[in-house]
Amino acid sequence: MTEQPPPEHETVHVSLPAPSADGSIDGVALVVLDRPAVLNALDFALIATLTDVLEALDRDPACRAIVLTGAGDRAFAAGADIQELAAQTPTSLTVDDHFHRWERIKRIRKPIIAAVRGFALGGGCELAMLCDMLVAGEDAQFGQPEIKLGVMPGAGGTQRLTRAIGKARAMEMILTGRNMGAREAEAHGLVTQVVPSEATVPAALELAGRIAAMPPVAVMAAKAAVNRAEELSLEAGLEFERRNFYLLFDTEDQAEGMAAFAAKRKPEWKGR
């Protein structure tokens, strides 16, 4: 990994893929939300820069998987910047439309793994759920406490939490504002795995590395198909899956993968 300065905003740091000792590319980028003094609270500027960073990595052929985490050990992101939100009006929120960036993050083609320690609350929980997989430390706490501020989730919390843990539990969490610990979140399917707190980022990087070792075009196609499973009917989802399956037979990686299997050797993916 090589440290690169963030393009615009000092509160998002990114380590880009770099050649390993044997000359290969590990393909994993580590993106860090860095506002520890406010528990990595998500202000509009941070979300704007995060969106730009993720879209740049999505275009970078050297990057095959992304790990997203928060600086420090107290929080992934403890929610939105309340002082900034308190000054908003329906008109300012509509005209400025800062929330459109959440949909841009959703459209990132490469897998994103959230590595969560400490609090992932409000917008932080919504950002973690926007990722494709979620590795949680044992100290992780998830929640949508917006109701305690006189509002409700506004960046996908009511929709993604319901899809992840079911209506009854999501309703209870959102209407009471209570938090859910890592083990409970794992039991209800919100997170991919729970690890010792200090192992959170290394475990997420290891998972991302295993994904980055797979054929990139197939990974992106499979991610798109799994995401569609939440949005489409079974019939429409199967049609989308089959179309992506057929299209992969026009890639060099499909020919290489099947030839390598037949020859009992390790495939060399080209990403095309």
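Above this text you will find the structure in question.
Just so it is clear, the model here is predicted, and its values are computed rather than measured.

How each quantity is defined
- Residues numbered from 1 in each chain as written.
- Predicted model: local features only at pLDDT ≥ 70, side-chain atom pairs only at ≥ 80, totals over all residues.
- Heavy atoms only, no water.
- Pairing = 2+ DSSP bridges.
- Helix = DSSP H or I, 4+ residues; strand = E, 2+ residues; numbered from the N terminus.
- Axes fitted to C-alpha atoms, helices over the stretch in contact; angles between N-to-C directions.
- Polar contact = N/O pair within 3.5 Å; in protein donor to acceptor, adjacent residues only side chain to side chain.
- Phe/Tyr/Trp six-rings, centres within 6.5 Å; stacked < 30°, edge-to-face > 60°.
- Buried < 20%, exposed > 50% of the residue type's maximum accessible area, 1.4 Å probe, protein only.
- Contact = heavy atoms within 4.5 Å.
- Arc of directions from axis to C-beta.
- 1 Å grid on protein atoms, 1.4 Å probe; cavity = no way out; pocket = protein on both sides within 12 Å on 5 of 7 lines; lining within 4 Å.
- Points joined across faces, edges and corners; volume = space filled by probe spheres on them.
- Nonpolar A, V, L, I, M, F, W, Y, C, P; charged D, E, K, R; others polar.

## A short note on the sheet that holds strand E5 (residues 75-77)
Within the open sheet, the 4 strands sit side by side as E5-E7-E9-E10. Their pairing is mixed. Across the chains shown, the open sheet's two edge strands, defined by having one partner strand only, are E5 and strand E10 (179-181). The sheet shows a mean angle of 20° between the axes of neighbouring strands, taken without regard to direction. Relative to strand E9 (residues 141-143), strand E7 (residues 119-121) is paired through 3 bridges, and the arrangement is parallel. By the bridge assignment, Phe 119 is partnered in E9 with Gln 141.

## Let's talk about the side chain of Ser 92
Along the chain, Ser 92 turns up in helix H3 (residues 90-96). A polar atom in the side chain of Ser 92 sits 3.0 Å from the side chain of Gln 88. At 2.8 Å, the side chain of Ser 92 and the backbone nitrogen of Thr 89 are in polar contact.

## A closer look at the packing of aromatic side chains
Any pair of aromatic rings gets described here by the distance separating the centres and the angle formed by the planes. Counting across every chain of the model gives 2 aromatic pairs. Note on Phe 245 and Tyr 246: the rings are 6.1 Å apart at their centroids and 50° apart in plane angle, and the pair reads as tilted. Under the relative-accessibility criterion, Tyr 246 is labelled exposed at 53%. Residues Phe 245 and Phe 249 carry aromatic rings whose centres are separated by 5.1 Å and whose planes lie at 70° to one another, so their mutual orientation is edge-to-face.

## Description of the side chain of Thr 251
Turning to its location among the elements, Thr 251 is positioned in the loop between helix H11 (234-247) and helix H12 (252-263). For Thr 251, a relative accessible area of 14% corresponds to the buried category. Separated by 2.7 Å, the side chain of Thr 251 and the backbone oxygen of Leu 248 make a polar contact. In contact with Thr 251, other than residues within four places in its own chain, are Val 217 and Arg 272.

## Some details on helix H6 (residues 157-165)
For H6, the complete set of buried residues consists of Gly 157, Arg 160, Leu 161 and Ile 165. Down the axis, H6 shows its buried residues gathered within 105° of arc, on one side only. Its buried side turned inward, H6 meets helix H4 (100-106), helix H5 (123-130), helix H7 (167-176) and E10. Of the residues trailing H6, Gly 166 is marked for its positive phi of about 95°.

## Quick notes on the layout of surface pockets
To locate leftover empty space, one rolls a probe as large as a water molecule over the atoms. Here the largest pocket defines a volume of roughly 790 Å³. Residue lining of the largest pocket: 31 residues in total, with Met 129, Cys 131, Asp 132, Asn 227 and Glu 230 positioned closest to the centre. Secondary-structure elements contributing two or more residues to the lining of the largest pocket are H4, H5, strand E8 (133-137), H6 and helix H10 (216-228). Residues belonging to the lining of the largest pocket are distributed by class as follows: 18 nonpolar, 5 polar and 8 charged. Looking at the second largest pocket, its volume works out to about 650 Å³. Around the second largest pocket, the lining comprises 32 residues; the ones closest to its centre are Ala 80, Ile 82, Leu 85, Glu 146 and Leu 149.

## Brief notes about H7
Taken together, the buried positions of H7 are Ala 170, Met 173 and Ile 174. Buried residues of H7, viewed axially, fall in a sector of 90°; they line one side. Exposed side of H7, more than 90 degrees from the buried face: Ala 168 and Leu 175 are the residues found there. Its buried side turned inward, H7 meets E9, H6 and E10. In the stretch just after H7, Gly 177 is the one whose phi turns positive, near 75°.

## Description of empty space enclosed by the protein
On inspection of all chains with the given rule, the structure shows 1 cavity of 30 Å³ or more. Estimated volume of the largest cavity: approximately 50 Å³. Along its surface, the largest cavity is lined by Cys 63, Arg 64, Lys 110, Pro 111, Ile 211, Ala 212, Pro 216, Val 219 and Met 220. Mapped by element, the contributors of at least two residues to the lining of the largest cavity are helix H9 (200-212) and H10. No other element matches the 3 residues that H10 contributes to the lining of the largest cavity. Taken together, the residues of the lining of the largest cavity break down into 7 nonpolar, no polar and 2 charged.

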